[in-house]
Amino acid sequence: MADVAATLRQARAELCEHGPPAGREWCEAWTGAVDDGLVQLWRSLELLGRLTVVAVGGYGRRELCPGSDIDVLLLHDRVSHEDLEGAVRAVVYPLWDAGLKVGHAVRDRRQAVSIALDDVEVTTALLDARVVAGDPQLLHDARSTVISKLRRRPASFLEALQRADAERRARVGDAAEVLEPDLKRGAGTLRDVQSLRWAAAALLGEAALDPLVSARYIGAPDRSRLARAYETLLAARVALHLEAEHPLDQLRLDLQPRVADRLGYDPGGTGGADALLHDVFLAARTIDHIHLRAWTVLRADALRGRRFRRTSEQRVGPFGIVDGVLRVEEPAIHDDPTMPIQLLEVLAAEGAVLDRTTAARLARNVEGAEPFVWTTASRDAFLRVLWRGDVALAPLAEFDDVGLLTHLLPEWAALRGRPQRNPFHRFSLDRHALHASADLAELVRHEAWATATLGAVEDRDGLMLGVLLHDVGKAHGEPHSETGVPVARGIVERLGYGPRTADFVATLVRHHLLLPDVATRRDLAEPGLVESVAETVGDAQTLAALHLLAAADGTATGPTAWTHWKATLVRQLVLKVRTVLETSHPDLNADTAERTAVEAQELAPGLGVPEDVIREHLTLLPIRYAAAVTPRAAIRHAAMAATPLDATQIRTRVTPGADGAEYDELDVVARDRTGLFARVVGVLAIHDGSVLGAHAFTRRDGVAVDTFTVACPRDDRSAWWAAVEGDLGEAAAGRVALRARIDAKAARQRARSRPAPDVETRVGVYADESGRTTVVEVHAPDQPGLLFRIASAFAELSLDIVFARITTLGPQAVDVFGVRDAAGEPLDDDHGAEVILALEAVLN
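Just so it is clear, the structure is predicted and the values come from calculations on it, not from any experiment.

Q: Give me the lowdown on the overall build of the protein, citing residues and values where you can.
A: Regarding its fold elements, the protein presents 38 helices and 16 strands. Dimensions of the protein, computed from the C-alpha atoms along their principal axes, are close to 100 × 70 × 50 Å. Taking all 844 residues of the protein together, 55% fall into the buried category. Residue pairs in contact within the protein that sit at least 24 positions apart in sequence constitute 69% of those at least 6 positions apart. Here the protein displays about 35,600 Å² of accessible surface, and carbon together with sulfur accounts for 49% of that area.

Here it is, written out as structure tokens:
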């Protein structure tokens, strides 16, 4: 038996090194090698006539990928327990010795049937089973019995399959649009095709796709499309297993270039990974739509009984709907130019899917046709569908599948299935745009602030189109906020809108990054910054629209792109810009710093702080301090600094975030000294806290007043903060080896985390518009202690950190700092060059 194990090890190694191209041929070669080994092992048994070795699951389908489990069933006829134990040792142990992952079960025919009927996974495994060695009659009898019983109650089996499908789809996402698709379990992947085969067994008696064609659940052209899409995903899965250190089915960003090279996409080039993802997306969309259309009818037939089914058709104009499947009358497809928009509205209203014949006819009809001619009525109907929010996503995806979306908007072809190989984007480019428009509608429907903000937008069609088209420039080169303007303007004009709406949409596309970029990369307390943003925005309607666009875009991008903290920063910026634009309310235009100072002095006595203490505190600080903090924060700081501080003493106070906020505010007051900022962020790093932002000020009497916005890693915030504050005191006194602890934490994380996709490392240094501060922008792979290392490099160069904005986008950190030299001045060119040198050394 050792010979079999050695042979299998050698066969697998040779296939991995010199085997056929990744795909079905590779799977069949490996399946054949395993079959040969099992036949040899079976022949060594004394139970030849009473034990059958059965391949189940993917092994049964002859689809063994390099990392697949070898799933076998030892099917027997009244064999003793002792003999079965010996058979398992003889058949299974050598596979383990060969280093293979083996899933095995031992059952007699009756057990196989009874267990299968109670467990959907066992049932589906048996439906894909085939005999490797032994008596085929044992398997035939068991499977025939199972299929016979399934056919008597197909509805319950399909319901169980549907629940399992829904659970896995919800768990791993939609492979047709997510940037790291699961090739086996995602929506629109291999498992969906297998589910159709299993459903065919319950209704038609055979686990295969061809019976579904004969029974008209799937059209012959769709059968061919399904086969091509399946082979695309199977080849990608084999290549992924060959390239990954450990078997996995998620096509991770860091592995995509290697998988693309393995499959022959532009070897050594930069576009191979994008081409691979594009093909995976389109294959998954094909499977998803064919599966959905067939499954809807399969399930209806299973519920009603295929032979005795009585159907009643619901008529909606030229459309007929039966069991959620929509059919278009043949003449309407060719003769009615308004049909596509009517169809879109009905699909959205009824939650229906296209009949397979209708889908095929629509696809043929738009192939090579002239672009759709828009009317005011069709344009208004299209916008009504977009404003339905999430409900619009399914019908728009149906339109995408049959080519109607690019018929309506020819420019959409450049976006379709286009990857965004970006660590914080969730979706392909076209799906991101659709999700953003849906998120806009959902926001204004469910979020009070968004509903109120929408009230300031007069041109709501322009707003929705601006959201839908904000990223069209990505298909035409960077900067996409500029390249997208003529494309978006052309679409809006072809829809029949006038210059006013076209200009409005162009403005939204051009400035869709303005608010989030300024809010997360600039110091809002800097004089002139808010006025500059207000001048760019121009009016209250555009400001409101850009705010809603930023929220919809961020929400559709992903959870790391639109956090509670980022939403708060954008909202703060919008409020400040609005005060500049609201010229009809002069009281609102009073200086922010002055308002904070006045309100702080009014509130201080009621909070136990003498008015003269807060007044003195404010006079010792630059004016930008009062512009950056709230009145209550100023009062807290004044109280903390009211009594003298020792040289190494540090005073801290934690203020919980507002309702729903996942962050708290940490106030730190101490004697100003080099490296104080670095010590604070170092202590937070060793406790796994994430700094989101910071402001640092030094009073004229040498007292440092720093405020940190911190995301806590645990629910028990009080206990966590107690530990942090204790270590802050120790670190301030120089009794904590911060660098050593952080290095050790980083090493542990590297050892247990997956390889990150390539993240560009770069440092930019440029002057702030106000001329008072130098801005340092750092892009680098995220890692424990990164902020500590950067702050330590600043301390080495005697720089004062004025503000910090810390953003983590997946594996990428984008950190922005405002710094000044020891004299409180912006950096000159030589000093800036030294900053770049120091940070590049730290980051590399």
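Still to come is the rest of the account.
Q: Account for the nonpolar core, with residues named and values stated.
A: The biggest cluster of nonpolar side chains holds 105 residues, and the ones touching the most others in it are Trp 30, Leu 38, Tyr 59, Ile 70, Leu 158, Leu 196 and Leu 298. Top element by residues in this core is helix H14 (residues 272–304). It accounts for 11 residues. Membership of the second largest hydrophobic core comes to 100 residues, among which are Leu 343, Phe 372, Leu 469 and Ala 506.

Q: I'd love a proper account of the sheet that holds strand S1 (residues 51–55), names of residues and values included.
A: One open sheet accounts for four strands, arranged S3-S2-S1-S4; its pairing is mixed. Pairing within the sheet leaves two strands with one partner each, and these edge strands are strand S3 (102–108) and strand S4 (130–133). Strand-to-strand twist across the sheet, computed as the mean angle between neighbouring axes with direction ignored, equals 30 degrees. Inspection of the sheet shows S1 paired to strand S2 (residues 70–76) by five bridges, in the antiparallel sense. Each bridged residue has a counterpart across the sheet, and for Ala 55 the counterpart in S2 is Val 72. On top of the sheet, helix H6 (residues 109–118) reaches S2 and S3; it is set at about 115 degrees to S3, its chief contact.

Q: Just give me the short version of helix H26 (residues 514–521), but keep the residues and values in it.
A: Counting buried residues in H26 gives six out of eight residues, a clear majority hidden from the surface. If you check which residues of H26 are buried, you get Leu 514, Leu 515, Pro 516, Val 518, Ala 519 and Thr 520. In this fold, the buried residues of H26 make contact with helix H27 (529–537), helix H28 (540–557), helix H29 (564–581), strand S15 (800–809) and strand S16 (812–820).

Q: Quick one: what's the story with the pattern of salt bridges, residue by residue and with numbers?
A: Summed over the entire model, instances satisfying the criterion amount to 49 salt bridges. Between Glu 243 and Arg 262 there is a salt bridge, with its nearest N and O atoms 3.0 Å apart. Of this pair, Glu 243 sits in helix H12 (residues 220–243) while Arg 262 sits in helix H13 (residues 256–262), and the two are 19 residues apart along the sequence. Through salt bridges with shared partners, a single network forms among Arg 24, Arg 61, Glu 63, Asp 128, Arg 197 and Glu 231.

Q: Quick one: what's the story with the pairing of S16, residue by residue and with numbers?
A: The two faces of a sheet get side chains in turn, since along a regular strand they alternate between them. In terms of residue burial, S16 counts as a mostly covered element, since nine of its nine residues are buried. Residues Gln 812, Val 814, Val 816, Gly 818 and Arg 820 point to one face of S16 and Ala 813, Asp 815, Phe 817 and Val 819 to the other, with burial holding for every one of them. As paired strands, strand S14 (residues 774–781) and S16 are joined by eight bridges and run antiparallel to one another. Paired with Val 776 across the strands is Phe 817, a residue of S16. Direction of pairing for S15 relative to S16: antiparallel, over a ladder of nine bridges. Counted as the bridge partner of Arg 805 is Val 816 from S16.

Q: Mind laying out the packing of aromatic side chains, listing which residues take part and the relevant values?
A: What the rule picks out here adds up to eight aromatic pairs. With a centroid separation of 5.0 Å and an interplanar angle of 85 degrees, the aromatic rings of Phe 372 and Trp 374 are classed as edge-to-face. Comparing Phe 372 with Trp 374 shows no difference in burial state: the two are buried. For the ring pair Trp 720 and Trp 721, a centre distance of 4.8 Å and an interplane angle of 75 degrees mean the geometry is edge-to-face. For the pair Trp 720 and Trp 721, one class covers both residues: buried. Here the aromatic residues Phe 372, Trp 374 and Phe 382 are joined through ring pairs into a cluster of three or more. Above the ring of Tyr 59, the side-chain terminus of Arg 130 is found at 5.1 Å from the ring centroid.

Q: With reference to specific residues and values, describe the side chain of Thr 707.
A: With respect to the helices and strands, the residue Thr 707 is situated in strand S12 (residues 703–711). The buried category is assigned to Thr 707, whose relative accessible area is 15%. A polar contact is formed between the side chain of Thr 707 and the side chain of His 637, at a distance of 3.3 Å.

Q: I'd love a proper account of the environment of Arg 636, names of residues and values included.
A: Note on placement: Arg 636 falls in helix H33 (residues 631–640). Overall, Arg 636 belongs to the buried group, its relative accessible area being 14%. Here the alpha-carbon distance between Arg 636 and Arg 522, two residues 114 residues apart in the chain, equals 25 Å. In this structure, Arg 636 is in contact with Arg 653, Thr 655 and Asp 667, ignoring residues within four places of it in sequence.

Q: An account of the side chain of Asp 174 is needed here, citing residue identities and associated values.
A: Residue placement: Asp 174 occurs in the loop between helix H9 (154–172) and helix H10 (190–204). Buried within the structure, Asp 174 lacks any salt-bridge partner; Arg 431 is the closest side chain of opposite charge, at an N-O distance of 4.0 Å. There is a polar contact of 2.9 Å between the side chain of Asp 174 and the backbone nitrogen of Ala 176. Sequence-distant contacts of Asp 174, defined by excluding residues within four places in its chain, comprise Ala 187, Asp 288 and Arg 431.

Q: Account for the sheet that holds strand S7 (residues 325–328), naming residues and giving values.
A: Strand order across the open sheet formed by four strands is S5-S6-S7-S8, with mixed pairing between neighbours. Edge strands, defined here as strands with exactly one partner in the open sheet, are strand S5 (314–316) and strand S8 (353–354). Judged from the two bridges that link them, S7 and S8 form a sheet pairing that is parallel. Along S8, the bridge assignment pairs Val 325 with Val 353.

Q: Requested: an account of the pairing of strand S11 (residues 690–698), with residues and values cited.
A: Most of S11 is tucked away, with seven of its nine residues classed as buried. The pairing of S11 with S12 spans eight bridges and is antiparallel. Bridge pairing in S12 places Val 691 opposite Val 710. From the end of S11 to the start of S12, which pair antiparallel, there are four residues, and Gly 702 there has a positive phi angle of about 85 degrees. Bridge count for S11 against S15 is three bridges, and the pairing is antiparallel. From the neighbouring strand, Ala 694 faces S15, where its bridge partner is Ala 804.

Q: Any details on the packing of helix H37 (residues 786–796) against helix H38 (residues 829–843)? Residues and values, ideally.
A: Their axes nearest at 10 Å, the elements H37 and H38 cross at an angle of 150 degrees. The pairing of H37 with H38 is recorded here as roughly antiparallel in orientation. For H37 against H38, the interelement crossing comes out right-handed. Contacts between H37 and H38 involve Leu 786, Arg 789, Ile 790, Ala 793 and Phe 794 from the first element and Val 835, Ala 838, Leu 839, Val 842 and Leu 843 from the second. Tallied by class, residues from the contact of H37 with H38 come to nine nonpolar, no polar and one charged.

Q: Can you tell me about the confidence of the model for the protein, naming the residues and giving the values?
A: Across the protein, pLDDT averages 89, with 95% of residues at or above 70. Looking at the elements of the protein, mean pLDDT is at its lowest for helix H15 (residues 330–335), recorded as 72, and at its highest for helix H23 (residues 460–468), recorded as 98. Contacts of residues 584–590 to residues separated by more than four positions or lying in other chains number eight contacts, the stretch itself having pLDDT below 50.

Q: Which residues make up the layout of surface pockets, and what are the values?
A: In this structure, the largest pocket encloses a volume near 1,400 Å³. Lining the largest pocket are 47 residues, with Asn 422, Phe 424, His 425, Lys 474 and Gln 812 positioned closest to its centre.

Rules of the game
Residues numbered from 1 in each chain as written. Predicted model: local features only at pLDDT ≥ 70, side-chain atom pairs only at ≥ 80, totals over all residues. Heavy atoms only, no water. Helix = DSSP H or I, 4+ residues; strand = E, 2+ residues; numbered from the N terminus. Buried < 20%, exposed > 50% of the residue type's maximum accessible area, 1.4 Å probe, protein only. Contact = heavy atoms within 4.5 Å. Areas by Shrake-Rupley, 256 points an atom, 1.4 Å probe, with all protein chains shown as cover. Core = buried A, V, L, I, M, F, W, Y, C linked by side-chain atoms within 4.5 Å. Pairing = 2+ DSSP bridges. Axes fitted to C-alpha atoms, helices over the stretch in contact; angles between N-to-C directions. Salt bridge = Lys/Arg side-chain N within 4 Å of Asp/Glu carboxyl O. Phe/Tyr/Trp six-rings, centres within 6.5 Å; stacked < 30°, edge-to-face > 60°. Lys NZ or Arg CZ within 6 Å of the ring centre and 35° of its normal. Polar contact = N/O pair within 3.5 Å; in protein donor to acceptor, adjacent residues only side chain to side chain. Lys, Arg positive; Asp, Glu negative; His and termini not counted. Parallel < 35°, antiparallel > 145°, perpendicular 65-115°, else oblique. Left-handed = near helix turned anticlockwise from the far one by under 90°. Nonpolar A, V, L, I, M, F, W, Y, C, P; charged D, E, K, R; others polar. pLDDT = per-residue confidence, 0-100. 1 Å grid on protein atoms, 1.4 Å probe; cavity = no way out; pocket = protein on both sides within 12 Å on 5 of 7 lines; lining within 4 Å. Points joined across faces, edges and corners; volume = space filled by probe spheres on them.

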